[in-house]
Structures are given as structure tokens and as C-alpha cells.
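Fold and geometry: a report
These are the residues of each chain, in order.
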Amino acid sequence: LGLRYQLGKLQLHLGKSEEAIANLQQSQNDGRHRVQSLGMLGHAFETLRWHTEAGETFRKALEAHHTHNDKLGMDLRYGLMVSLQEKGRQDRDPAPVQEAVKIASGLAMQDISFKDIRERREQLQALLQELRPA
């Protein structure tokens, strides 16, 4: 399973998301790599624009990773936020975007310089305004 993890990680890095998914699905059964496998699996689903699957996978990873404030936890929360943003945009539904705004706010309060959280938060606010009924 450790080799499946390494292979899936490499495939994802090379942009071979579908191949990576198969290996990461197997490697998530290895306790040593479970959280990292789930995180990469979420990213692989996101690259395929499978936003529901990506979101559910990021949620599983967060459940398995009990510390949401470390680097990995922040990366997982960020991945969930992006998948919720895209799901809301795709479905024209403000509910997932509202959840994404809350995640963005939490990340910004924790570390304002984390990735592109300032810009992402502004994008989410604008999208939420666009999707809310008049």
C-alpha cells in the first residue's frame, strides 16, 4: 500500500488524475498514509471537476485528521473550501458557497497569508452575492 501511495502521489503530480485515483483509493487503507491519501484523492477528484466527490473526500480526510489547525489540516480545509465554491458555482446554489465562506473566514483568522485566502474570500463573497435571490 505504501507503493500505491507513492505511485498515486507521482501520478497526481504528473496530471494523471484518473490513474492516481485508483492507487490513492487503495492506499487510503494504510493507516500511515490514510489522511494524505484522502487529501490527494480529493484533489484528484477536483481536477476532474467531480466537486461532490472531492468535497466528501476532503471531509473524510478532516475526520481522520484530528488537528485542523496544522499545515495538513489547513490544506484539507482549503481543498474542501474550493470544492464547495465550485459546487456552488456549478449548481448555482448558495448553500455550499456559504459553507465555503465560513471555512475561508476561519483560515483567514488563523493565517491571513495562507495561500490566496484573501482573494479567495473576496471571490466567495462576490459569488455568494451573485447566487442569492434578489
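Provided above is the structure to which this section pertains.
Residues numbered from 1 in each chain as written. Predicted model: local features only at pLDDT ≥ 70, side-chain atom pairs only at ≥ 80, totals over all residues. Heavy atoms only, no water.

Below, the discussion takes up the overall build of the protein chain. Across its full length, the protein chain holds 7 helices and 0 strands. Mapped from its N terminus to its C terminus, the protein chain presents α and β elements in the order α-α-α-α-α-α-α. Its C-alpha atoms give the protein chain a radius of gyration of 15 Å, within 12% of the compact-globule value 14 Å for 134 residues. When its C-alpha atoms are laid out on the principal axes, the protein chain stretches across 50 × 30 × 25 Å. (Helix = DSSP H or I, 4+ residues; strand = E, 2+ residues; numbered from the N terminus. Rg over C-alpha atoms; globule rule 2.2 N^0.38 Å.)

Counting residues in hydrophobic clusters, the biggest one holds 35 residues, and the most contacted among them are Tyr78, Met81, Val97, Leu107, Ile117 and Leu124. Taken together, the elements giving at least two residues each to this core come down to α1 (2–13), α2 (17–27), α3 (34–47), α4 (51–64), α5 (71–91), α6 (94–110) and α7 (117–131). Once you skip the residues sitting within four places of it in the chain, Ile117 turns out to touch Tyr78, Met81, Ala104, Leu107, Ala108, Asp111 and Ile112. (Core = buried A, V, L, I, M, F, W, Y, C linked by side-chain atoms within 4.5 Å. Buried < 20%, exposed > 50% of the residue type's maximum accessible area, 1.4 Å probe, protein only. Contact = heavy atoms within 4.5 Å.)

This part is about α1. Compared with the 16 Å implied by 1.5 Å per residue over 12 residues, the 17 Å span of α1 between its first and last C-alpha is a close match. Listed in full, the buried residues belonging to α1 are Tyr5, Gly8, Gln11 and Leu12. Buried residues along α1 cover an arc of 135° about the axis, so they all sit on one side. Across from the buried face of α1, at angles greater than 90 degrees, the exposed residues are Leu3 and His13. (Expected span 1.5 Å × (residues − 1). Arc of directions from axis to C-beta.)

What follows concerns the side chain of His51. Note that His51 resides in helix α4. A relative accessible area of 3% places His51 in the buried class. Within polar-contact distance, the side chain of His51 engages the side chain of Glu46 at 2.7 Å. Beyond its immediate sequence surroundings of up to four residues, His51 is in contact with Glu46, Ser83, Glu86, Lys87 and Gln90. (Polar contact = N/O pair within 3.5 Å; in protein donor to acceptor, adjacent residues only side chain to side chain.)

Right, let's get into unusual backbone geometry. Not every positive phi belongs to a glycine, and Arg49 is a case in point at roughly 70°. Look at Arg92: it is not a glycine, yet its phi comes out positive at around 55°. Secondary-structure assignment places Arg92 in the loop between α5 and α6.

Two measures define how a pair of helices packs: the angle their axes make with one another and the distance between the axes. Where α3 contacts α5, the two axes come as close as 10 Å, and the packing angle between them is 25°. The pairing of α3 with α5 is recorded here as roughly parallel in orientation. For α3 against α5, the interelement crossing comes out left-handed. Contacts between α3 and α5 involve Val35, Gln36, Gly39, His43 and Glu46 from the first element and Leu72, Leu76, Gly79, Val82, Ser83 and Glu86 from the second. (Axes fitted to C-alpha atoms, helices over the stretch in contact; angles between N-to-C directions. Parallel < 35°, antiparallel > 145°, perpendicular 65-115°, else oblique. Left-handed = near helix turned anticlockwise from the far one by under 90°.)

Its 14 residues place the ends of α3 20 Å apart at the C-alpha level, agreeing with the 20 Å of an ideal helix rising 1.5 Å per residue. For α3, the tally of buried residues reaches 10 of 14 residues, placing the bulk of the element in the interior. Along α3, the residues classified as buried are Val35, Ser37, Leu38, Gly39, Met40, Leu41, Gly42, Ala44, Phe45 and Glu46. Residues of α3 that are buried make contact with α1, α2, α4 and α5. Residue Arg49 follows α3 closely and has a positive phi angle near 70°.

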